[in-house]
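Working through the structure, step by step
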Amino acid sequence: RPGVLENASSVGLALIVWIVTGVITAIGALCYAELGVTIPKSGGDYSYVKDIFGGLAGFLRLWIAVLVIYPTNQAVIALTFSNYILQPLFPTCFPPEKGLSLLAAVCLLLLTWVNCASVRWATRVQDIFTAGKLLALVLIIIMGVVQICKGKHHLSEDPVNAFEPFQKYDVGQIALAFLQGSFAYGGWNFLNYVTEELVDPYVNLPRAIFISIPLVTFVYVFANIAYVTAMSPQELLASNAVAVTFGEKLLGVMSWIMPISVALSTFGGVNGSLFTSSRLFFAGAREGHLPSLLAMIHVKRCTPIPALLFTCLSTLVMLCTSDMYTLINYVGFINYLFYGVTVAGQIVLRIKQPDIHRPIKISLVWPVIYLLFWAFLLIFSLYSEPLVCGTGLAIMLTGVPVYFLGVYWDNKPQCFNTFVDKMTYLGQKFCVVVYPAEDKPKEAGGIELKEEKSPLAGEDNEATK
């Protein structure tokens, strides 16, 4: 991402940011692996925070995910998709913002329909486009290696020169570079959102983490090395679509391969985010923290159609904001805030329930290392971008009165309950959905810890075979 290089201020430090971010992501994934098999419930960090710290903390995690994290994440990826599709059509200028937003909206609507129609279709799309993403990155890496072998590159023979800054180093900006990098690694905890749908989660959850995180770190670092073989830092920062510029420099008449490959990659990214965010909202509704309609599934397809429509609509609203890097800073700061809270919960759970069965049990050194890095990142990000970070915190705190009025308060007026029931009934009729037979929404405050099997893991679901 150009945002990493821009904030890191030098090529060498940018590469270190990519490596360190990958290592920290791997440590966080180890912590989540232990939590995922200790609390085998879908919903990811929302479920863990709720069970460990209580309903209010869990609700705030869900609230900020509903309002900011997932809509922003999906909007950014969809805008990136449309940018790579349209950039070749506007070689001398940036694509029009309205065109970008319109194509991003079409992408979201199409993938929402796919996810509503069939879980099998959604997972097939994910498999195909993930393979396309890896092929694109491998192509970039191979071209970078060829450039180095030919001696035609922008890399200095003296490694020290790679750290020569093109602007003054700033600790706050470096922290923002880590936030930008963390966005690119986003998705490392997605499997924790669908734990109940996994086949043998005690084996497959940690296996997927141990394979994917090192692979992604390797690919991202060497892809960025490949970029700097063909482009100077100034060219990288000036490009609105780095892979397109890279392809134009090295592939000639075949340069169209790069924008298509990256577009396919981001298309799969939107699909994966829709898949997991709908499961998070489904889990929240099942716990009584969101409207009960979101806990319903289609009578035949077993897909959470209301939750998918909800996340799609919230993302379409977010598309009205076009500054992608500000959006990434929102997502990065708030995500890291709750990642740290979740990892801290791992330590709290060890103290509160030392004898609970843990199929995976890692050394507490790892969550401590993660939390130290987490504290550095949040403190300096807050120092560097107080308005962005403060706005994110303010949005999160708006969930406190909502929790007490909407969840904690049991004796609501009868007219309110009647209105909610009517809206739920209309939503059921419109989406043709019902409560899963074994899965009625829980009352607020019911925060028991138990293993559950998701109704979404039934008919047509091959999400993790």
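Everything quoted here is computed from the prediction, not taken from an experiment.

**Some remarks on the environment of Gln173**
Along the chain, Gln173 falls in helix 7 (residues 171–184). C-alpha of Gln173 to C-alpha of Asn7: the two residues are 166 residues apart in sequence and 5.0 Å apart in space.

**As for the packing of helix 11 (residues 257–286) against helix 12 (residues 305–318)**
With their axes 8 Å apart at the nearest point, helix 11 and helix 12 run at an angle of 115° to one another. In terms of crossing hand, the pair formed by helix 11 and helix 12 is right-handed. Mapping the contact onto sequence places Leu274, Ser277, Ser278, Phe281 and Phe282 in helix 11 and Ala307, Leu308, Phe310 and Thr311 in helix 12. Residues that form the contact of helix 11 with helix 12 fall into these classes: six nonpolar, three polar and no charged.

**Side note on the confidence of the model for the protein**
Mean pLDDT for the protein: 81, with 88% of residues reaching 70 or above. In this model, residues 441–453 is a region of pLDDT below 50 whose contacts with residues beyond four sequence positions or in other chains number 35 contacts. Confidence drops under pLDDT 50 across residues 458–465; counting only partners more than four residues distant or on other chains, this segment forms 20 contacts.

**Remarks on helix 14 (residues 365–384)**
What sets the pattern is the α-helix's 3.6 residues per turn: residues three or four places apart point alike. Between its first and last C-alpha, helix 14 extends 29 Å over 20 residues, near the 28 Å set by a 1.5 Å rise per residue. Where helix 14 is concerned, the buried positions are Pro367, Tyr370, Leu371, Phe373, Trp374, Leu377, Leu378 and Ser381.

**Thoughts on the nonpolar core**
Tyr336 and Tyr370 are the most contacted members of the largest nonpolar core, which totals 113 residues. When residues of this core are assigned to their parent elements, the largest contribution, 16 residues, is made by helix 4 (residues 55–86). When residues no more than four places from it in sequence are discounted, the contact partners of Tyr370 are Ile24, Ile27, Gly28, Trp188, Tyr336, Tyr339, Gly340 and Val343. Core analysis: the second largest hydrophobic core is formed by seven residues, Cys116, Leu293, Met296 and Cys431 among them.

What counts as what
- Residues numbered from 1 in each chain as written.
- Predicted model: local features only at pLDDT ≥ 70, side-chain atom pairs only at ≥ 80, totals over all residues.
- Heavy atoms only, no water.
- Helix = DSSP H or I, 4+ residues; strand = E, 2+ residues; numbered from the N terminus.
- Axes fitted to C-alpha atoms, helices over the stretch in contact; angles between N-to-C directions.
- Left-handed = near helix turned anticlockwise from the far one by under 90°.
- Contact = heavy atoms within 4.5 Å.
- Nonpolar A, V, L, I, M, F, W, Y, C, P; charged D, E, K, R; others polar.
- pLDDT = per-residue confidence, 0-100.
- Expected span 1.5 Å × (residues − 1).
- Buried < 20%, exposed > 50% of the residue type's maximum accessible area, 1.4 Å probe, protein only.
- Core = buried A, V, L, I, M, F, W, Y, C linked by side-chain atoms within 4.5 Å.

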